Amino acid sequence: MNGGPSGFNNAPITRAFVITCCLFTILFGIQGRSNKLGLSYQDIWKKLQLWKLIVSVFTFSSTPELMFGAYLLYYFRVFERQIGSNKYSVFVSFSLIMSSLLQLFGQTFFNDPALSLLTSGPYGLIFSSFVPFYFDIPVSTRFRVSTLSFSDKSFIYLAGLQLLFSSWKRSLIPGLCGILAGTLYRLNVLGIRRHKFPEFIASFFSRLSFPSVGSTSPAPPPRNRPSFAPRQVEGNYRAPVPSVPEPPEDFIETLVSMGFDRNSARQALVHARNDINAATNILLESQAH
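Residues numbered from 1 in each chain as written. Predicted model: local features only at pLDDT ≥ 70, side-chain atom pairs only at ≥ 80, totals over all residues. Heavy atoms only, no water.

Let's shift gears to the overall build of the protein. Across its full length, the protein holds 13 helices and two strands. Residues classed as buried in the protein amount to 44% of the 289 residues present. Considering only contacts in the protein between residues 6 or more positions apart, those separated by 24 or more positions represent 75%. Summed over its atoms, the accessible surface of the protein is roughly 15800 Å², and 63% of this surface lies on carbon and sulfur atoms. (Helix = DSSP H or I, 4+ residues; strand = E, 2+ residues; numbered from the N terminus. Buried < 20%, exposed > 50% of the residue type's maximum accessible area, 1.4 Å probe, protein only. Contact = heavy atoms within 4.5 Å. Areas by Shrake-Rupley, 256 points an atom, 1.4 Å probe, with all protein chains shown as cover.)

Here's what the structure looks like:
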């Protein structure tokens, strides 16, 4: 299971976020301070160390957390492609701000010494993204291991559980606050899903983030032809497309229920060799153009 085309194509916000997290985690890790940067009610409200509100968002407290967190952020780039970088930047801001406020409220409410310093990292954004992942990303394959049933989404959930319990209570609270923030966004609290930032803010990240391997965007297809049309090769001959079985009707219906045209859904499935996740991303890419 993947989040669409490899690299950070059409996902500049995600690219900037992942790069910043890696740089901050390495920098503060070398200084031996990465495990002291989590949110603390005492530091924020009494000592007025407001810089921690920003630094704690971009700095994971350990290398394993960085690995799992960066992997999940990279996978969830599919949502930026789906709603566009501008609206995704609103989702990112809302998730981080709301989850941070909920974490500080939780510290004062529980008054538990074990929660005096929560773990750092973009837990709010990561676990907020699990809400649309649960509701909007369809299952394409299922399999069994002994008596247990799994799907292709299970690996993402397992990575999330590993991150959620990485520091027990110190990471559990930020994760739960992120899920709650994602739920509030999905419920469109205060009409948040209609808001947009000025265009220059979202485009700023496109210029700021560095190009990465596999992130070179191909030339966009002509507007009068869907992006999943077979590519042409020299001599104006089309590249041969291997024979693909007729897409299952339930796969087509799943894509139609997501708002796509039936014929386009069928063509995307054929081009994606009946991989429903790849077909979904093909259709989303075609809409982006």
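Glancing now at the packing of helix α7 (residues 123-136) against helix α8 (residues 154-164). Packed helix pairs are characterised by how far apart their axes lie and by the angle those axes make with each other. The geometry of α7 relative to α8 is characterised by a closest axis approach of 12 Å and an angle of 150 degrees between their N-to-C directions. The angle between α7 and α8 falls in the class roughly antiparallel. Relative to α8, α7 is oriented so that their crossing is left-handed. Residues Y123, I126, F127, F130, F133 and Y134 of α7 touch α8, and the partners they reach there are I156, Y157, G160, L163 and L164. (Axes fitted to C-alpha atoms, helices over the stretch in contact; angles between N-to-C directions. Parallel < 35°, antiparallel > 145°, perpendicular 65-115°, else oblique. Left-handed = near helix turned anticlockwise from the far one by under 90°.)

Moving on: the confidence of the model for the protein. A residue-level look at the protein finds 81% of positions with pLDDT of 70 or above and a mean pLDDT of 80. In this model residues 211-241 is a low-confidence stretch, pLDDT under 50, and it forms 38 contacts with partners more than four residues away in sequence or in other chains. (pLDDT = per-residue confidence, 0-100.)

In this section: a nonpolar patch on the surface. On the surface, F155, L158, L161, F165 and W168 cluster together into a nonpolar patch covering about 550 Å² of accessible area. Considering the arrangement of structural elements, one finds L161 in helix α8. The class for L161 is partly exposed, based on a relative accessible area of 44%. (Patch = residues over 30% accessible without salt bridge, like charges linked within 9 Å, V, L, I, M, F, W, Y side chains within 5 Å. Salt bridge = Lys/Arg side-chain N within 4 Å of Asp/Glu carboxyl O.)

All right, on to the pairing of strand β1 (residues 142-145) then. Pairing of β1 with strand β2 (residues 148-151), which is carried by four bridges, proceeds in the antiparallel orientation. Considered in β2, the bridge of R142 is made with S151. Turn length for the β1-β2 hairpin, with the two strands adjacent in sequence and antiparallel, is two residues, and the turn residue S146 shows positive phi of about 60 degrees. (Pairing = 2+ DSSP bridges.)

A few words on helix α3 (residues 51-58). Residues of α3 that are buried: K52, V55, S56, V57 and F58. Of the surrounding elements, those touching the buried residues of α3 are α1 (12-30), α2 (41-46) and α6 (85-110).

Before going further, it helps to examine the side chain of S89. Relative to the assigned elements, S89 resides in helix α6. Of note is the side chain of S89, whose polar atom sits 2.4 Å from the backbone oxygen of N86. Not counting chain neighbours up to four residues away, the residues in contact with S89 comprise I13 and F197. (Polar contact = N/O pair within 3.5 Å; in protein donor to acceptor, adjacent residues only side chain to side chain.)

Within the fold, V139 resides in the loop between α7 and β1. Residues V139 and S151, 12 residues apart in the sequence, show an inter-C-alpha distance of 6.6 Å. Discounting chain neighbours no more than four positions away, the residues touching V139 are S151, D152, K153 and I276.

This paragraph deals with the pattern of salt bridges. Side chains that differ in charge, positive against negative, can pair when their charged atoms come close. Following the criterion strictly, the structure yields four salt bridges and no others. One salt bridge in this structure joins D136 and R186, with 3.2 Å as the shortest N-O distance. Residue D136 is located in helix α7, and its partner R186 is located in helix α9 (residues 169-186); the two are separated by 50 residues in the primary sequence. On the basis of relative accessible area, R186 is assigned to the partly exposed category, the value being 30%. A salt bridge links E246 to R266; the nearest nitrogen and oxygen atoms lie 2.8 Å apart. A residue pair is termed long-range when its members are at least 10 positions apart, and E246 in the loop between α10 (199-208) and α11 (249-257) and R266 in helix α12 (residues 262-271) qualify at 20 residues.

Moving on, we get to unusual backbone geometry. The residue W168 is not glycine, and still its phi comes out positive at about 55 degrees. Following the sequence through the fold, W168 ends up in the loop between α8 and α9. Classification of W168 as exposed rests on a relative accessible area of 52%. Phi angles above zero are rare outside glycine, and N188 is one such case at about 60 degrees. Within the secondary structure, N188 is located in the loop between α9 and α10. Classification of N188 as partly exposed rests on a relative accessible area of 26%.

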